[in-house]
Structure formats: structure tokens, C-alpha cells
Amino acid sequence: MESLSGKRLVIFGCGYIGAATALEAAARGLQVTALTRNAAKALLLREEGIETVVADLASEVWHDQVAGGADFALNCVSSGGGGLDGYRHSYVEGMKSIIAWAQKRGAAGTLIYTSSTSVYPQGGGVIVDESAPTSGGTERGELLLEAETRLRESVGACGRWFVLRLAGIYGPGRHALLDQVRAGEVAGLGEHHLNVIHRADIVSAISACIAAPAALRNEIFNLVDDGPARKQEVVAWLAGRLGRPVPRFTGEPAGSRRVVTPDRIIANAKCKAVLGWRPRFPTFREGYESLLSR
């Protein structure tokens with residue numbers, strides 16, 4: 001990334017992705033302001049020298065605490081639980097609040113939103129790129145799309161926007177699949193493809209959006225590694241590395257999800273071609289090896 005010394009980045013929903021981005025951006029000379037609803041996370045960020053505001057993104061109480069006119073803004077909020085109501089509150093109402101803040105306090109130069117590949121309804125093992133239809137998906141996917149649409153149709157909120165549709169996120173401190181393998185039981189179906197992205201590669205893609213030439217504007221990118229593999233292959237490899245028996249698949253959704261993630265292969269060619277982004281962890285093997293070797 002080119003020198004960004006003195007330019008401002010505001011990170012909304014500064015949690016797992018946002019905190020890593022904040023530290024990376026500050027190291028590159030950006031003046032970072034973070035907003036989080038988590039007081040403990042705020043304390044850790046402040047200890048790293050990051051200016052931090054504690055507030056609910058969907059509210060307006062923070063609007064007068066965060067200066068407008070930022071060079072860059074990142075909305076990487078998570079649902080924080082709460083089912084569909086939590087999704088609507090965090091993603092839709094959160095995006096509405098950001099847009100209102102920018103329109104009132106001053107537009108951001110570049111606004112980046114981390115959405116999800118769950119907006120796609122496709123299954124059957126098909127390859128899914130950014131041109132794939134997004135209608136007919138889950139209720140949660142529809143709420144993520146609504147947040148995307150509010151950004152894309154906003155007026156006066158930013159000079160340009162980028163939407164990053166993230167595949168399944170993993171990385172330090174976030175390795176549910178590893179935990180399931182250790183427990184001997186894995187959610188979902190083994191024959192389905194697993195589309196994942198390491199946190200470090202999300203941060204590098206955000207950096208690529210920030211550094212993108214001014215002529216590049218208003219784009220949607222899928223963000224996933226280079227090596228989609230069937231879940232049974234990933235699980236067998238992990239079991240071997242852990243010295244555990246290969247666990248059984250439950251055939252049921254993971255966690256609070258209502259349905260098993262459809263079988264599809266998410267394509268990342270556009271992000272690589274347009275942004276010049278390349279994953280540091282191109283397949284699950286490199287990514288999980290980095291976690292297992294810690």
C-alpha cells in the first residue's frame with residue numbers, strides 16, 4: 001500500500017476483523033478511529049493507541065463523537081447473535097446509521113462493507129461469481145443484501161464504495177471446525193465444498209480496496225481462498241494433523257444456522273484480477289497449519 005500517513009480511517013463494528021485491520025492500518029500511518037459495542041475490546045484497542053468509541057452502531061449516539069469526512073470508512077459489523085432481529089439491527093440499521101452520519105457529518109472518501117457469500121442461494125456444486133443471482137436465498141442473506149443495497153443506493157455518503165462478500169471466516173481464536181474435529185462430530189455434510197477465508201487475507205483485501213486507484217469505484221468482490229475442497233477432505237486432513245479419528249458428520253446446520261450451507265464453489269477471480277489481491281493462505285492447508293503450529 002502507498003503511504004497513507006495522516007489520512008483517516010473509521011472502522012465500524014470493530015471486532016474480529018476490524019481490530020486486526022485497525023492495527024495494520026495504524027502501522028501504515030493511518031489515523032484510526034474505531035467504534036465497538038464491546039467495552040473490553042475498546043480497552044484493548046486503546047492500549048494499542050487506537051482512538052475508540054463505545055456505542056451501538058445502529059444508534060445515533062456516536063454521530064457527534066466521530067468526525068465526518070474520513071478518507072476511508074470500513075463497516076465490518078457482526079450480528080452479535082439475536083437471530084434475525086440481531087441481523088436486522090446490526091446490518092440494516094447499522095448501515096442506515098453510518099449513511100446518516102456521513103450525510104450529516106461529511107462523506108467518506110471510500111466506504112468498504114464486509115458482507116457475506118451467504119447472499120447467494122446457489123447449490124448443487126456450481127461455481128458462483130459476482131454475477132450470480134442473489135434472489136431467493138435465506139432470510140439472513142436477504143438482510144445482508146438489504147444492507148448492501150442501502151450502501152449502493154445511498155447519496156452523499158461516500159465518494160465510492162466496495163462490498164467484500166466474505167466466505168467462512170477462520171483464523172487465530174476463531175477455529176470452530178478444529179474444535180468440532182477434536183470433539184469427534186462435525187456439522188453439515190462431508191460432500192459439500194467448504195469455502196473459507198483467513199482473517200489475514202480479509203485484512204489484506206481491505207487494504208487493497210483502500211489503496212485502489214481513484215478510477216476504480218463501486219465494485220463487489222467475493223473473498224475466498226484459492227482452494228475450495230470438499231468438507232470431508234478438510235476434516236480428514238485436520239484429523240490426521242491432530243492425530244484423531246476422522247469424525248462423523250451430523251448432516252445438521254452448524255450453531256444457530258437454520259439450514260446447511262448449500263454446496264457451491266465461490267470464485268475469487270474478480271478480486272484477484274481487479275484489485276491485484278492474492279491470499280497469503282491460498283488453501284485450508286496453509287491456513288490451518290499456521291494455527292496448528294502456534
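See the structure printed just above.
Everything quoted here is computed from the prediction, not taken from an experiment.

J.: Let's hear about the environment of Thr 110: which residues, and what values?
T.: Relative to the helices and strands, Thr 110 is located in strand S5 (residues 108-116). Sequence spacing of Thr 110 and Ala 67 is 43 residues, and the spatial spacing of their C-alpha atoms is 15 Å. Each residue touching Thr 110, except ones within four places of it in the same chain, is listed here: Asp 71, Phe 72, Ala 73, Arg 160 and Phe 162.

J.: Account for the nonpolar core, with residues named and values stated.
T.: Judged by nonpolar contacts, the single largest core of 74 residues is most densely connected at Phe 12, Trp 62, Leu 164, Leu 223 and Leu 275. For this core, the element with the highest residue contribution is helix H3 (residues 83-105), accounting for 8 residues. In contact with Leu 275, other than residues within four places in its own chain, are Ala 205, Ala 208, Cys 209, Ala 212, Leu 216, Phe 221 and Lys 270. Of all hydrophobic cores here, the second largest spans 16 residues; its members include Tyr 170, Val 186, Val 234 and Leu 238.

J.: Give a detailed account of the pattern of salt bridges, specifying residues and quantitative values.
T.: Following the criterion strictly, the structure yields 11 salt bridges and no others. Salt-bridge contacts for Arg 28 lead to Glu 24; the nearest nitrogen and oxygen are separated by 2.9 Å. Relative accessible area serves as the criterion here: at 36%, Arg 28 is assigned to the partly exposed category. Its salt-bridge partner being Arg 165, residue Glu 148 comes within 2.7 Å of it at the nearest N-O pair.

Parameters at a glance
- Sequence order sets the numbering: in each chain, residues are counted from 1 along the sequence as written.
- Two thresholds apply to this predicted model, a pLDDT of at least 70 for residue-level local features and 80 or more for giving and counting side-chain atom pairs, whereas whole-chain, interface and lining totals are computed over all residues.
- Side-chain numbers here rest on the full set of heavy atoms in the structure, without hydrogens or water.
- Helix and strand labels come from DSSP, where a helix needs a run of H or I of at least four residues and a strand needs a run of E of at least two; each type is numbered from the N terminus.
- Contacts: residue pairs with any heavy atoms within 4.5 Å of one another.
- We define a nonpolar core as any set of buried Ala, Val, Leu, Ile, Met, Phe, Trp, Tyr and Cys residues linked to one another through side-chain atoms lying within 4.5 Å.
- Residue burial is assigned from relative accessible area. The probe radius is 1.4 Å, only protein chains are included, and a residue is buried under 20% of its type maximum, exposed over 50%, and partly exposed in between.
- What counts as a salt bridge is simple: a side-chain nitrogen of Lys or Arg found within 4 Å of a carboxyl oxygen of Asp or Glu.

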